Amino acid sequence: MAELQEVQITEEKPLLPGQTPEMAKEAELAARILLDQGQTHSVETPYGSVTFTVYGTPKPKRPAILTYHDVGLNYKSCFQPLFQFGDMQEIIQNFVRVHVDAPGMEEGAPVFPLGYQYPSLDQLADMIPCILQYLNFSTIIGVGVGAGAYILSRYALTHPDTVEGLVLINIDPNAKGWMDWAAHKLTGLTSSLPEMILGHLFSQEELSGNSELVQKYRNIITHAPNLENIELYWNSNNRRDLNLERGGAVTFKCPVMLVVGDQAPHEDAVVECNSKLDPTQTSFLKMADSGGQPQLTQPGKLTEAFKYFLQGMGYMASSCMTRLSRSRTASLTSAASIDGNRSRSRTLSQSSESGTLPSGPPGHTMEVSC
């Protein structure tokens with residue numbers, strides 16, 4: 001019997017009629033550039049139109065990373081420093097990204113007409129299924145900041161089967177009652193809208209020091225051509241309590257990473273949220289020297305923590321870890337009862353020189369100061 005020989009066959013993409021190989025290469029390059037720049041779409045929902053920008057292409061059996069920004073910002077001013085950070089490129093090569101702009105917050109958005117009823121935060125969450133249906137995406141990993149974190153939390157509670165994980169920065173799960181409303185109105189009498197938003201975004205230390213970052217975002221918000229729209233989003237920040245309860249019926253069904261800066265305006269709210277979540281599913285990252293917007297001031301540390309989080313979910317197992325594993329200190333909190341049966345590691349690791357991801361003790365939330 002004649003000996004079989006292995007023959008390697010290379011699949012070639014067929015050229016279009018009249019297309020030369022050089023033209024095909026140029027077309028492929030143009031497509032890659034378009035993907036790098038992002039493709040912006042708008043979709044109609046029961047609560048109006050919403051705009052979002054997609055980067056990359058869907059990966060088989062992998063969720064999309066979907067982001068939602070805070071008030072006073074859009075997806076670029078909220079997330080661009082994080083997703084353009086060098087070490088983040090390893091992550092974005094493995095996931096398609098969807099950056100949602102709240103209505104009227106996208107660049108070049110027209111000002112809403114007088115009397116326009118801006119959607120509530122709950123209604124903004126109800127827009128997300130329309131986005132996923134349009135893109136034909138089945139699951140997401142949500143990354144939200146401030147109001148955006150609340151919106152993604154509300155969505156995850158109502159659509160748990162479509163959310164594989166949540167990264168919630170500056171999350172406040174509590175309702176805003178009459179006292180908050182009165183304080184908000186009184187503050188509005190003495191402070192301009194940009195200053196109120198800056199007080200929401202940044203720590204008192206940052207504001208007192210008038211840091212370069214604060215000056216930059218004061219200028220962005222003050223001179224925003226859609227400032228009237230921003231005010232509508234700001235006023236919609238009244239919200240219902242998420243009613244999260246550890247061990248109760250209302251809780252997240254996916255792993256969660258909570259992130260807040262040390263001395264940030266929302267530090268107490270995030271700590272309270274951590275106390276209400278399942279410790280076997282929750283990672284708590286308190287970042288030193290990061291101010292009110294850790295995704296802007298500490299993109300490197302947050303990127304590394306995000307990689308650990310994805311590894312705990314079973315993704316990017318071969319990713320190399322170095323920065324946080326050598327520089328941070330960890331302390332365990334939330335010594336709740338342990339049942340010890342979890343399918344995947346959900347907690348951030350303790351300090352390690354090896355660069356790998358050691359598993360923390362089951363049944364605890366890991367608080368990491370870095």
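Bear in mind the structure is a predicted one, so any value in this text is a computation, not a measurement.

## A short note on the pairing of strand β5 (residues 140–145)
The side chains of a regular strand alternate, first on one face of the sheet and then on the other.
Logical step 1: The buried fraction of β5 is high, at six of six residues.
Logical step 2: Burial along β5 is two-sided: the face carrying Ile140, Gly142 and Gly144 and the face carrying Ile141, Val143 and Val145 are both buried.
Logical step 3: Bridge count for strand β3 (residues 64–68) against β5 is five bridges, and the pairing is parallel. In the strand pairing of β5, Tyr68 is matched with Gly144.
Logical step 4: Note that β5 and strand β6 (residues 163–169) share six bridges and pair parallel. Of the residues in β6, the one forming a bridge with Gly144 is Leu168.
Logical step 5: Following the chain from β5 across helix α5 (residues 147–158) to the adjacent parallel β6, one finds a crossover that is right-handed.

## Some details on the confidence of the model for the chain
Logical step 1: The share of residues in the chain with pLDDT of 70 or more is 72%, and the mean pLDDT across the chain is 81.
Logical step 2: In the predicted structure, residues 29–35 sits below a pLDDT of 50 and forms four contacts with residues beyond four places in sequence or in another chain.
Logical step 3: Note on residues 324–366: pLDDT is under 50 here. Beyond four places in sequence and across chains, it has 106 contacts.

## Things to note about helix α9 (residues 212–222)
Logical step 1: Every buried residue of α9 is listed here: Val214, Tyr217 and Ile221. Buried residues of α9, seen end-on, are gathered within an arc of 75 degrees and therefore sit on one face of the element.
Logical step 2: On the buried face of α9, the contacting elements are α2 (75–83), α7 (193–201), α8 (204–209), α10 (227–235) and α12 (294–297).

## With respect to the packing of aromatic side chains
Logical step 1: In this structure the tally under the stated criterion is nine aromatic pairs.
Logical step 2: Note on Phe112 and Tyr116: the rings are 4.0 Å apart at their centroids and 5 degrees apart in plane angle, and the pair reads as stacked.
Logical step 3: Relative to Tyr233, the ring of Tyr118 has its centre 5.9 Å away and its plane inclined at 35 degrees; by these criteria the two rings are tilted. With Tyr118 in the loop between β4 (97–101) and α4 (121–135) and Tyr233 in helix α10, this residue pair connects regions lying 115 residues apart in the sequence. By the burial criterion, Tyr118 is buried, and Tyr233 matches it.
Logical step 4: By way of ring pairs, the aromatic residues Phe112, Tyr116, Tyr118 and Tyr233 are connected into one cluster.
Logical step 5: Residue placement shows Arg97 over the ring face of Tyr55; its charged tip is 4.4 Å from the ring centre.
Logical step 6: Above the plane of the ring of Tyr150 lies Arg239, whose end atom (NZ or CZ) is 5.6 Å from the centre.

## Side note on the packing of α7 against α9
Logical step 1: At a minimum axis separation of 10 Å, α7 and α9 run at an interaxial angle of 140 degrees. The angle between the axes of α7 and α9 places the two elements in the oblique class. Handedness of the α7/α9 crossing: right-handed. Contacts between α7 and α9 involve Pro194, Glu195, Ile197, Leu198 and Leu201 on the former and, on the latter, Val214, Tyr217, Arg218, Ile221 and Thr222.
Logical step 2: Taken together, the residues of the contact of α7 with α9 break down into seven nonpolar, one polar and two charged.

So, how was this worked out
- Residues numbered from 1 in each chain as written.
- Predicted model: local features only at pLDDT ≥ 70, side-chain atom pairs only at ≥ 80, totals over all residues.
- Heavy atoms only, no water.
- Buried < 20%, exposed > 50% of the residue type's maximum accessible area, 1.4 Å probe, protein only.
- Helix = DSSP H or I, 4+ residues; strand = E, 2+ residues; numbered from the N terminus.
- Pairing = 2+ DSSP bridges.
- Right-handed = clockwise from strand over helix to strand, strands pointing away.
- pLDDT = per-residue confidence, 0-100.
- Contact = heavy atoms within 4.5 Å.
- Arc of directions from axis to C-beta.
- Phe/Tyr/Trp six-rings, centres within 6.5 Å; stacked < 30°, edge-to-face > 60°.
- Lys NZ or Arg CZ within 6 Å of the ring centre and 35° of its normal.
- Axes fitted to C-alpha atoms, helices over the stretch in contact; angles between N-to-C directions.
- Parallel < 35°, antiparallel > 145°, perpendicular 65-115°, else oblique.
- Left-handed = near helix turned anticlockwise from the far one by under 90°.
- Nonpolar A, V, L, I, M, F, W, Y, C, P; charged D, E, K, R; others polar.

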